[in-house]
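# Structural description and commentary
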Amino acid sequence: MSKINRGNYFEDFTIGQKIVHPLPRTISDGDVSLYIALTGSRFALHSSDELAKEMGYKKRPLDDMLMFHLTFGKSVQDISLNAIANLGYAEVSFKNPVYVGDTVSLETEIIGLKENSNGKSGVVYVHSIGKNQNGDEILNLKRWVMVHKKEKGVMSGINSIPTLEKSTPILSEINIPKLLHVNTSATGGEHFFEDYEVGERLNHPEGITIDSSDHTLATKLYQNNAKVHFDDFMMKSTPMGERLMYGGHVISIARSISFNGLQNAMWIYAINAGAHANPTYAGDTIYAYTEVIEKIEHTREDIGLLRVRTIGLKNMRPEDVENPKDENGKYLKNVVLDLDYTIIIPKENR
Amino acid sequence: MSKINRGNYFEDFTIGQKIVHPLPRTISDGDVSLYIALTGSRFALHSSDELAKEMGYKKRPLDDMLMFHLTFGKSVQDISLNAIANLGYAEVSFKNPVYVGDTVSLETEIIGLKENSNGKSGVVYVHSIGKNQNGDEILNLKRWVMVHKKEKGVMSGINSIPTLEKSTPILSEINIPKLLHVNTSATGGEHFFEDYEVGERLNHPEGITIDSSDHTLATKLYQNNAKVHFDDFMMKSTPMGERLMYGGHVISIARSISFNGLQNAMWIYAINAGAHANPTYAGDTIYAYTEVIEKIEHTREDIGLLRVRTIGLKNMRPEDVENPKDENGKYLKNVVLDLDYTIIIPKENR
Amino acid sequence: MSKINRGNYFEDFTIGQKIVHPLPRTISDGDVSLYIALTGSRFALHSSDELAKEMGYKKRPLDDMLMFHLTFGKSVQDISLNAIANLGYAEVSFKNPVYVGDTVSLETEIIGLKENSNGKSGVVYVHSIGKNQNGDEILNLKRWVMVHKKEKGVMSGINSIPTLEKSTPILSEINIPKLLHVNTSATGGEHFFEDYEVGERLNHPEGITIDSSDHTLATKLYQNNAKVHFDDFMMKSTPMGERLMYGGHVISIARSISFNGLQNAMWIYAINAGAHANPTYAGDTIYAYTEVIEKIEHTREDIGLLRVRTIGLKNMRPEDVENPKDENGKYLKNVVLDLDYTIIIPKENR
C-alpha cells in the first residue's frame, strides 16, 4: 500500500465492504462561530445557550448542517476523491443533537455498484452512519457517486442497485425535548406549524455573495479534501477554469437564507433528495425560495413536520423564477440547488 | 403578518414603542478568535487570561467593539433594514464587562420621529439597551437613521426630535477592577494618563487592507443582515456598484490600528459621536490617526479618561492629512470615519 | 520614548540584550478551528480529543505550527518590524505540548550582530524562548534577520556571529506520552517509522490555493504586525506591487499538505533550517514534496524520528520538479520553501 492516499476507484469497492473513515473530529466553539461567519446563519436555537435551555436543551446544539459537513467530510477521501459527480442523496436523517465538545466519526457500507456502459466509470452507492463519542447515531445517509475506473474498458458486468426510499421514513421517536415554551420574541418568527399551507411559496429576500475565501475556508474547516474546491492551478486546466464551490456550502447558504420565512423551523429532520443542479463559483450571489410540499402530523402534539423544497439560485432573484426547470425538464442555468427536505416546527397549540 | 420580515418603514414606528430584538447571542471563544483574525486587534487585556487576572478580572473580558457589534447587530432587522443612511450615534456607553459564555440581547425604545419634507423618508431616533443573561446593562446607546416611507408623499407632520447630549455623561461608578498592577512589558506600552496632552496627535503607522471576505465574514458573524453588505448582485445595480463595508468594521479596524500609540487605553468608556464620512469598499487600506481632545479626571485615583477623536482614512497615510475636512467643512474623500470617543487609561501614579 | 512603536533598528540592539515581548496570548478553541479552516490541516492528534486521550494526552494538544505562529508572532514588533529579510532559522525545538487554555509568551536574547559592509543594514541573531503560563518551555529557537540601520553610513564595526548547530540536538527526554496504542483507522495512515527509508520521496498530491483573505486572516490571528503582509496600499509602491504572504503560512500549508504521506508523523520535534526561497502572493497554489534525509533511532522504543526536507512549490506540481535548485545552486522560481525538519513517528513494533 502506498503511503500516498490517492482515493479509491470503482474497482476498489465491493458490495458489503465496510469502511471506517479516519479523522474523528472534536467539535468546538470555534467551529460554531466560523459557521455563523461563513453562512450568516440566524436560527435562534443555535445562537443562544439561554434560549436552548428554555427549550429543554443543556446548551445550544449544533446547527444540523454544520454537524453534517463535519461528519460527512470524513468520507470524501475514501469515497469521492475520484468522483466525477455526486449524483444524489437519499434517506438522510439527523437522529440526535450534537454539542460542542462531542467527537463525531463516520463509517460507510457499500450497498450498490453499477458499472457504466462506457467502461470508464461506475456508480457507487453507499450507506454512511455517523456517531458521537458515546456511540449514539447522529447522522444516517445514503448517497451515490459516479467514480472513475482505474482500468478503462475492463468490464466486470456488475449491476446491483439498491432500493432507496423516495422520502426518509419518519419515526415515532424524535429526539428533541418536549417544547413547553417557544419565545417568539427571541426566535424572530411568530409562525408555527398551523400557519403554513401546502403549495405556499416563500421568496426569501436575502442574497449572499460567496467569495473564494468563504467557500474554501468552509471546506477546509470540514477537512473535506476534494481537490476541485482548493486547487485553482489544477482547475485552470479543466473546462470549469476555476475552483468549484463545495455543494454542501450552497446548501448551508440556502438554509441560512431560508431563516427569513422559516424562523421557527429550527431543526432539519431529514433530507429526502438533493441535486446540485449547476455549479457555483466564487463571486456568485446565492438566493433561495422555499415551497411547502407536505404537512406531516406527528404523534407528538407539540411539533409538526413540513416537507419543503428549497430552490437555490445564483445571480437571479426568487421572484424572477416561476419554475426551476424549463419545458424540457432541464434546470435553468441559474438554478444551483434543488433540495427536498423535512423540517420540524413547533405547533402553536402545544 | 407576513412570514417574511422585510423590515420596518418610517410609518411603522411610533414614539414610545418598544421592540425586543430577536436572536439573543451566546458569545464564544470562536467569536474572540475571529475578531482578532478579522481586525488584528492587539490590546493586551483581551489577548491574555493571565494578564486579565493580574488586573483583577476573572478572565479576559471581550473587546468592547466586539461586544458592540454582536449586540448592536440584533437591531438591524427591526430598525435599519430599510435605512437610507445611519446618521449618527450619541451617548453610547459600555457599562459592564462581557465574557465568553455570556448571552447578550437588545431592546429598543423609539424616542423621536421626524418626517422629511420630501415625503419619501423620515428620521427615526432610538434608544437601545443591551443586557447580559443576568440582566446587567452592558450597552446603552442612542442613534438615528433615515428610513424609507412605505407610502411616498403621504405626510403625517410628525416632528419630534429628542434632546441628545454632546458627550456621554461620565458616572462616578466605573465597572473595571481597581488597577493595582499594570504590567507594561505585557501591554506593550509605557505611557499612562499623565503622559498624554490635549492637542497631541498620534499618527498610527499600521495600515490594514480589507478584502471582501474579511468584511462579509465580520458582518455575518454579527448576524447583521443589512443587504448592502452581502448582496453583490443587488449592489451592482446601485450607484455604489459593489458591496458596501459595514461601518462598524471600519471602527474596529481603526480602533485596532490605534493600539500603536494607545497601548494602555484598553477600555472604551463611551462613544460621543461618530460619522461614517465616506463609504469603504473591499480593497481599501484603512489608516488612522488620533487626537487627544480632552483629559478627564475621575474620582477614582487609579484611572483617567481621554476624550479622543480618531480619524479613519482609506488609501491615504495619516501624515498626509492635516485636517479631515476641506475649507468648506466637507470631509475629504479619503476620510471614512470621524469618531469622538472616550477611553480609560491607567494613571502612572496609582 | 515615543508612544508610537516604530520597531528597532540595527543600532538599537546590543549583544546580551534581553527583550520581554509584549502581548501574552491565551490560546482558544477559536484559534484551533481557524487554523484548520486556514490550512486544511488533518493530523488526527489535533482533530480529536478522543484520539488524543487514547494516546495518553488529557485532550488534543495544539498543532505545533499553530503554537509556533502564536508564540513567534510576539517577536515581530521588537525584532523584525524593520527587517529587510528573514535570513534563517536554526535549532528550533518544540519542548512541551500546548493546550487550549494555555497562555504563551516569548522572551529573546540578542546573541549576535554583524554590520553589513554597505553601511545600510546589519544582521541581528536572536535566541527566543517561549513559555506557557507555568513557565514550562514550549518553544526554543534561533533566527537571524537583516535589519535596516537608522543612520546609513555610520559604521560601528561590530561583527559577532554566534555558532549555530546544523541540526537541532535530540534530547533523551521527549515530552510525548508513551504510545501504547495508535489507532490507524483513525489517523488515516498505516505506515510507521520502520516503513520509511532514507532517500524516499513523497509527492503530496494536494494543492491549496491561497487567497488574500486567507493569509491576512492567519497573520492577524497571530498578531504579527509586519506591514508587508497587511498594507496593500504601501506595497503597491514597492517592487513587489502587492502584499507578501507571511512565510510561516507557507510552512503551515506545506505541513498540512504533507499529511498525505506522513499521516502518523503527528509531531514536529525540531526545525533544523528553513529558507523562504521565493515570495508567495495571493492566488498562488501551494504544492509540496518531502524527502526523507535521515532516520534517527531514539532511546525510547515506541518512537523514532525522521529528518525530512519538505520543498514547497507555487503553481508547479511536485512531479514536475526533480531538484529545487538549478545547476548554479539557485532555487527555481517556483520553489517557495526549503524546510529541513525532524518529525516524530510511532514505531510499528512498540
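### Brief notes about the relation of the copies chain C and chain A
When chain C is fitted to chain A, the residual RMSD is 0.0 Å, and the transformation amounts to a turn of 120° plus an axial shift of 0.0 Å. Classification of the inter-copy transformation places it as that of a three-fold axis. Distance from the rotation axis, computed per C-alpha, reaches its smallest value in chain C at Gly30 of chain C: 2.2 Å. When the interface residues of chain C are mapped onto chain A, a mere 11% of them are again interface residues, pointing to distinct binding faces.

### Focus on the pairing of strand S12 (residues 303-314) of chain A
Residue and element names in this part refer to chain A. Taking burial as the measure, the twelve residues of S12 include eleven buried ones, the bulk of the element. Bridge count between strand S11 (residues 285-297) and S12: eleven bridges; the pairing is antiparallel. Within S12, the position partnered with Tyr289 by the bridge is Ile311. The loop that links S11 with its antiparallel partner S12 comprises five residues.

### Focus: the relation of the copies chain C and chain B
Note on the identical chains: chain C maps onto chain B by a rotation of 120° and an axial translation of 0.0 Å, with an RMSD of 0.0 Å. A share of only 14% of the interface residues of chain C reappears at the interface of chain B, consistent with the copies meeting through non-equivalent patches.

### Remarks on the environment of Gly119 of chain B
All names here are of chain B. Assignment of secondary structure puts Gly119 in the loop between strand S4 (103-115) and strand S5 (121-131). Between the C-alpha atom of Gly119 and that of Tyr35, which follows or precedes it by 84 residues, the distance is 41 Å. Residues contacting Gly119, with those up to four places away along its chain left out, are Lys149, Glu151, Lys152, Gly153 and Met155.

### Focus: the pattern of salt bridges
Applying the stated criterion across every chain yields a total of 45 salt bridges over all chains. A salt bridge links Lys150 of chain B to Asp12 of chain B, with the shortest nitrogen-to-oxygen separation between them at 2.8 Å. On the criterion of sequence distance, the pair formed by Lys150 of chain B in the loop between strand S6 (137-148) and strand S7 (159-160) and Asp12 of chain B in the segment before strand S1 (18-20) is long-range, its members being 138 residues apart. Since its relative accessible area comes to 49%, Lys150 of chain B is described here as partly exposed. We note a salt bridge from Asp31 of chain C to Arg25 of chain C, for which the minimum N-O separation is 3.0 Å. Of the two residues, Asp31 of chain C and Arg25 of chain C, neither departs from the other in class, the shared state being buried. One network of salt bridges, with partners in common, ties together Asp211 of chain A together with Asp232, Lys236 and Arg243 of chain B.

### With respect to the interface of chain C and chain A
Listed per partner, the contact involves 47 residues of chain C and 36 residues of chain A. Inspection of the chain C/chain A interface yields two salt bridges. Across the salt bridge formed by Lys3 of chain A and Glu200 of chain C, the nearest N and O atoms sit 2.5 Å from each other. At the level of secondary structure, the elements contributing two or more residues to the side of chain C that touches chain A comprise helix H1 (29-39), helix H2 (49-54), helix H5 (184-187), strand S8 (201-203), strand S9 (208-209), helix H6 (212-221) and strand S11 (285-297) of chain C. Per-element tally for the side of chain C that touches chain A: the top contributor is H1 of chain C, with eight residues. In the side of chain C that touches chain A, the residues fall into 14 nonpolar, 21 polar and twelve charged.

### Some points on the interface of chain C and chain B
At the interface, 36 residues of chain C touch 47 residues of chain B. Summing both sides of the interface, chain C and chain B together bury roughly 3,400 Å²; the carbon and sulfur share of this comes to 54%. When the buried area of chain C at its contact with chain B is split by residue, Lys3, Lys220 and Phe233 of chain C rank highest and sum to 22% of it. Where chain C meets chain B, there are two salt bridges. At the junction of chain C with chain B, the criterion picks out 21 residue pairs in polar contact (both at pLDDT 80 or more).

### Brief notes about the nonpolar core
In this structure, Leu62 and Phe68 of chain A, Leu62 and Phe68 of chain B together with Leu62 and Phe68 of chain C are the most contacted members of the largest nonpolar core, which totals 163 residues. When neighbours within four sequence positions are excluded, Phe68 of chain B is seen to be in contact with Gly73, Tyr89, Val92, Phe94, Leu139, Leu141 and Tyr246 of chain B.

### With respect to the environment of Ser105 of chain A
All names here are of chain A. The residue Ser105 is located in strand S4 (residues 103-115) in this model. On a C-alpha basis, the gap between Ser105 and Thr26 in space is 9.1 Å, while along the polypeptide they are 79 residues apart. Beyond its immediate chain neighbours, meaning those up to four positions away, Ser105 contacts Pro24, Thr71, Ile129, Gly130 and Lys131.

### A short note on helix H6 (residues 212-221) of chain A
Residues and elements named next belong to chain A. In terms of residue burial, H6 counts as a mostly covered element, since ten of its ten residues are buried. Within H6 the residues assigned to the buried category are Ser212, Ser213, Asp214, His215, Thr216, Leu217, Ala218, Thr219, Lys220 and Leu221. Downstream of H6 by a residue or two, Gln223 has a phi angle that is positive, lying close to 55°.

### Let's talk about the packing of aromatic side chains
All told, the structure shown has 24 aromatic pairs over all chains when counted by the stated rule. Taking the centre distance of 6.3 Å and the plane angle of 70° together, the rings of Phe68 of chain A and Tyr89 of chain A count as edge-to-face. With Phe68 of chain A in helix H3 (residues 64-72) and Tyr89 of chain A in strand S3 (residues 83-94), this residue pair connects regions lying 21 residues apart in the sequence. Cluster of aromatic residues (ring-pair linked, three or more members): Phe68, Phe72, Tyr89 and Phe94 of chain A. One Lys or Arg, Lys325 of chain B, reaches over the ring of Tyr331 of chain B and ends 4.9 Å from the middle of that ring.

### Quick word on helix H3 (residues 64-72) of chain C
All names here are of chain C. When you tally the buried positions in H3, you get nine out of nine residues, the bulk of the element. Considered for burial, the residues of H3 that qualify are Asp64, Met65, Leu66, Met67, Phe68, His69, Leu70, Thr71 and Phe72. Where H3 begins, one side-chain oxygen reaches toward the backbone nitrogen of Met65, 2.9 Å away; that side chain belongs to Asp63.

### Observations regarding the pairing of strand S12 (residues 303-314) of chain B
Relative to strand S13 (residues 335-346) of chain B, S12 of chain B runs antiparallel, the two being bridged by eleven bridges. Counted as the bridge partner of Ile311 of chain B is Asp338 of chain B from S13 of chain B.

### Concerning the packing of H6 of chain A against helix H6 (residues 212-221) of chain B
Running from amino to carboxyl end, H6 of chain A crosses H6 of chain B at an angle of 60°, the nearest separation of the two axes being 9 Å. Taking contact as the criterion, the partners of Ser213, Asp214 and Leu217 of chain A in H6 of chain A are, on H6 of chain B, Ser213, Thr216, Leu217 and Lys220 of chain B. Residue composition of the contact of H6 of chain A with H6 of chain B, by class: two nonpolar, three polar and two charged.

### Side note on the environment of Lys59 of chain B
Residue and element names in this part refer to chain B. Considering the arrangement of structural elements, one finds Lys59 in the loop between helix H2 (49-54) and helix H3 (64-72). In this structure the C-alpha to C-alpha distance between Lys59 and Gly135, which are 76 residues apart in sequence, comes to 20 Å. Those residues in contact with Lys59, other than ones at most four positions away along the chain, are Asp49, Ala52, Tyr99 and Val100. Reaching out from Lys59, the side chain makes a polar contact with the backbone oxygen of Val100 at a distance of 3.1 Å.

About the criteria used
- Residues numbered from 1 in each chain as written.
- Chains lettered and ligands numbered in written order.
- Predicted model: local features only at pLDDT ≥ 70, side-chain atom pairs only at ≥ 80, totals over all residues.
- Heavy atoms only, no water.
- Least-squares fit on C-alpha atoms with pLDDT ≥ 70 in both.
- Contact = heavy atoms within 4.5 Å.
- Buried < 20%, exposed > 50% of the residue type's maximum accessible area, 1.4 Å probe, protein only.
- Helix = DSSP H or I, 4+ residues; strand = E, 2+ residues; numbered from the N terminus.
- Pairing = 2+ DSSP bridges.
- Salt bridge = Lys/Arg side-chain N within 4 Å of Asp/Glu carboxyl O.
- Nonpolar A, V, L, I, M, F, W, Y, C, P; charged D, E, K, R; others polar.
- Buried area = accessible area lost by both parts, 1.4 Å probe.
- Polar contact = N/O pair within 3.5 Å; in protein donor to acceptor, adjacent residues only side chain to side chain.
- Core = buried A, V, L, I, M, F, W, Y, C linked by side-chain atoms within 4.5 Å.
- Phe/Tyr/Trp six-rings, centres within 6.5 Å; stacked < 30°, edge-to-face > 60°.
- Lys NZ or Arg CZ within 6 Å of the ring centre and 35° of its normal.
- Axes fitted to C-alpha atoms, helices over the stretch in contact; angles between N-to-C directions.

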